[in-house]
There are 12 protein chains.
Amino acid sequence: MGGVYKYTEIVGTSTKSFADAVQEGVKRAAKTLRNLGWFEVVEQRGQIKEGQVAEFQVTIKVGFKLDD
Amino acid sequence: MGGVYKYTEIVGTSTKSFADAVQEGVKRAAKTLRNLGWFEVVEQRGQIKEGQVAEFQVTIKVGFKLDD
Amino acid sequence: MGGVYKYTEIVGTSTKSFADAVQEGVKRAAKTLRNLGWFEVVEQRGQIKEGQVAEFQVTIKVGFKLDD
Amino acid sequence: MGGVYKYTEIVGTSTKSFADAVQEGVKRAAKTLRNLGWFEVVEQRGQIKEGQVAEFQVTIKVGFKLDD
Amino acid sequence: MGGVYKYTEIVGTSTKSFADAVQEGVKRAAKTLRNLGWFEVVEQRGQIKEGQVAEFQVTIKVGFKLDD
Amino acid sequence: MGGVYKYTEIVGTSTKSFADAVQEGVKRAAKTLRNLGWFEVVEQRGQIKEGQVAEFQVTIKVGFKLDD
Amino acid sequence: MGGVYKYTEIVGTSTKSFADAVQEGVKRAAKTLRNLGWFEVVEQRGQIKEGQVAEFQVTIKVGFKLDD
Amino acid sequence: MGGVYKYTEIVGTSTKSFADAVQEGVKRAAKTLRNLGWFEVVEQRGQIKEGQVAEFQVTIKVGFKLDD
Amino acid sequence: MGGVYKYTEIVGTSTKSFADAVQEGVKRAAKTLRNLGWFEVVEQRGQIKEGQVAEFQVTIKVGFKLDD
Amino acid sequence: MGGVYKYTEIVGTSTKSFADAVQEGVKRAAKTLRNLGWFEVVEQRGQIKEGQVAEFQVTIKVGFKLDD
Amino acid sequence: MGGVYKYTEIVGTSTKSFADAVQEGVKRAAKTLRNLGWFEVVEQRGQIKEGQVAEFQVTIKVGFKLDD
Amino acid sequence: MGGVYKYTEIVGTSTKSFADAVQEGVKRAAKTLRNLGWFEVVEQRGQIKEGQVAEFQVTIKVGFKLDD
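The model shown is predicted, which means the values in this text are computed figures rather than measured ones.

Enquirer: What's the story with the pattern of salt bridges in this structure? I'm lost.
Expert: Opposite charge on two side chains allows them to pair when their charged atoms are near. Scanning all chains against the criterion turns up 60 salt bridges over all chains. A salt bridge links Glu9 of chain L to Lys61 of chain G, with the shortest nitrogen-to-oxygen separation between them at 2.7 Å. With Glu9 of chain L in strand β1 (residues 5-14) and Lys61 of chain G in strand β3 (residues 52-65), this pair bridges two chains. Overall, the relative accessible area of 13% leaves Lys61 of chain G in the buried class.

Enquirer: How should the relation of the copies chain J and chain F be read in this particular structure?
Expert: Both copies of the chain are related by a screw-like operation: a rotation about an axis and a shift along it. Between chain J and chain F, which share one sequence, the superposing operator has a rotation angle of 120° and an axial displacement of 0.0 Å; the RMSD is 0.0 Å. Such a combination of rotation and displacement between the chain copies is what one expects of a three-fold axis. Considering only C-alpha atoms, the part of chain J nearest the rotation axis is Thr8 of chain J, at 4.9 Å.

Enquirer: Could you clarify how one ought to interpret the relation of the copies chain A and chain B in this entry?
Expert: Mapping chain A onto chain B calls for a rotation angle of 120° and an axial translation of 0.0 Å; the resulting RMSD is 0.0 Å. Each copy contacts the other with its own distinct surface, as only 15% of the interface residues of chain A are interface residues in chain B too.

Enquirer: What is the right way to read the pairing of strand β3 (residues 52-65) of chain E from this model?
Expert: Side chains on a regular strand alternate between the two faces of the sheet. Residue and element names in this part refer to chain E. With 11 of its 14 residues buried, β3 lies for the most part within the structure. Bridge analysis of strand β1 (residues 5-14) against β3 gives 10 bridges, and the strand direction is antiparallel. By the bridge assignment for β3, Tyr7 is matched with Gly63. In terms of strand pairing, strand β2 (residues 36-49) meets β3 through 12 bridges, oriented antiparallel. Pairing of Gly46 across the sheet is with Phe56, part of β3. What sits between the antiparallel neighbours β2 and β3 is a turn of two residues, in which Glu50 has the positive phi angle 50°.

The rules behind the values
- Residues numbered from 1 in each chain as written.
- Chains lettered and ligands numbered in written order.
- Predicted model: local features only at pLDDT ≥ 70, side-chain atom pairs only at ≥ 80, totals over all residues.
- Heavy atoms only, no water.
- Salt bridge = Lys/Arg side-chain N within 4 Å of Asp/Glu carboxyl O.
- Helix = DSSP H or I, 4+ residues; strand = E, 2+ residues; numbered from the N terminus.
- Buried < 20%, exposed > 50% of the residue type's maximum accessible area, 1.4 Å probe, protein only.
- Least-squares fit on C-alpha atoms with pLDDT ≥ 70 in both.
- Contact = heavy atoms within 4.5 Å.
- Pairing = 2+ DSSP bridges.

Next up, the structure:
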């Protein structure tokens, strides 16, 4: 890789799937951070309402390169 | 939250995806337990048949509020 | 189960979802190994490009029966 | 110890301290279960409101002896 | 597997061996639960008296199928 | 929950108790971050001086909602 | 820090709180060991009697400097 | 030790005990691998039939020296 | 329990079984320590010779009460 | 310690050693953060090129004191 | 990354340093495997002789791309 | 191995590298303990001063054989 990288830890949410929750989290992080390179799943949870899964919540660590 | 909550640990299964396996597990739990509030993924596994994924199995802990 | 089983650890990738990444990994393993029986998810990561998830990567341990 | 024991996993809450949250959880469990013998802390979390800790939440596994 | 499964967590005890402690726990669980399918060892401990192992204690999670 | 959340990891300290150390950490975080929603305990340590506990140190992850 | 440090692992007990159990453990360790510098919480458990917490038990690793 | 070693991960099974399951796994591995030196227990599980333990399953990592 | 307890961590070995290795470790610890109360299994390994298990090695933490 | 501390998680890289990768990460963090006090190693990985280690990558959590 | 990857787990040894032990392990793996891409450190141990470190032993998982 | 072994847990420090910190810890332990056989790395941390790594700190468990 070369250089130095930093992690930010976020929770993405979605009513559809774990994959979509990750996508939402990554898109939001990209609004304020440049050079996003990869993510790692830390935890998967969700909300239940009226006996159905109402929301998928995925905690991810997102890695991005720092400027020199 | 307030009050006291209890966990039950179950394994949901699905031929489609991890998200669907969670949904199946939650729906079954809701048949006999009231006030289900959230779930946490503990483990993800699955069955293989003839070189293809035949079943997704997700172990989840489901939290629900106890009556006072 | 009976008999002795062996694990092989692989990483499947997909541009669609975690479930699809597992499927890709299992299909590739089935090309060279017989009697695949189950998989266990070890880690979930992915690549980010231009602020979007570009690839889902799932590390799985695949279990298969050894001949006697 | 002798005999067979069972665990139930619960979350106690309190506005005062972690120790009090455990106490609340144990007291509620004792309403429906006999022979409670010990607890083990699994996780400690809490709620924040207006920049102050509003609630301490402690997940505990409670062990109790089963009748023969 | 198909269907939904549930875990119950128990501690079996024995003066002989870890394997026997598991057996004792499983036999007790079978008195009140049907369709027990598998167990997973969570923890192994024991009691010491007069400088000798006096009891083996094994915590196991026991999985069983829920009725549809 | 809805939306995307972010974690910040801090260490609160107190000469009184673990609960107070958490409170100190949360109050400091609230000075520069809005919408703090919950905390999770990561580690509990402390300093010893002259054979007495001189300070309780609690590492917590604090979650807060990001603006859309 | 400089020099070499050693850990001793102990369990402190208290009828009041987790913080007090740590204090009891540290005070006892200080009777026979010099230069105690810090502690790290390893596990938190407790005893239940008549449906109430009867004792808090905290396992800690205590670090102290070895003489050169 | 000197040199380079490799791990293979297998699951041994037995109707008698955990120790026997390990022995079965090691004997099978020795059929196709030379220079086996040690094993490490990774997981202990088992199958239940008619309310009795029907099979002990032990996952082990087996280490062996590679030729130079 | 009451009072303060200390852990010592040892490795017992046996050519017969894991349970016997624990017994050997406990008996040796009892030669120099009084008031041994319980043990907890930390790790299970072993040596392989000529394709057979030659030795079972169990690492245990042994707890004992300290004098007041 | 006194006061409140914050962690930032970074990945340092080096073609020489793990220690040098940590040094690189710390030096870069010091460009934008004041009062850096300590680091903790979270993960060690690296890149391989043409059958040789081409880069050491060390993930560290760096702790620093927050202004009052 | 694209495609499917496989892990092999090995132990490299060196009388000099942890970094050198990794290098030795990687070089040996490259003798029989093509397309090695990265390594992850799993465990660090070593041998002691006459009160000095006599050997550094590093267990690593090495990832490499499988042919399509 | 044969016989019974004991672990002592220490922290070695060095201004040079992780490997040197281990060496320092081992040498100190050898002053008061005989028959040191191996070490296992538990944790790696360090001190930062003026934006540079000022000290490497490695926690290791050292194993040694007990007299019969």
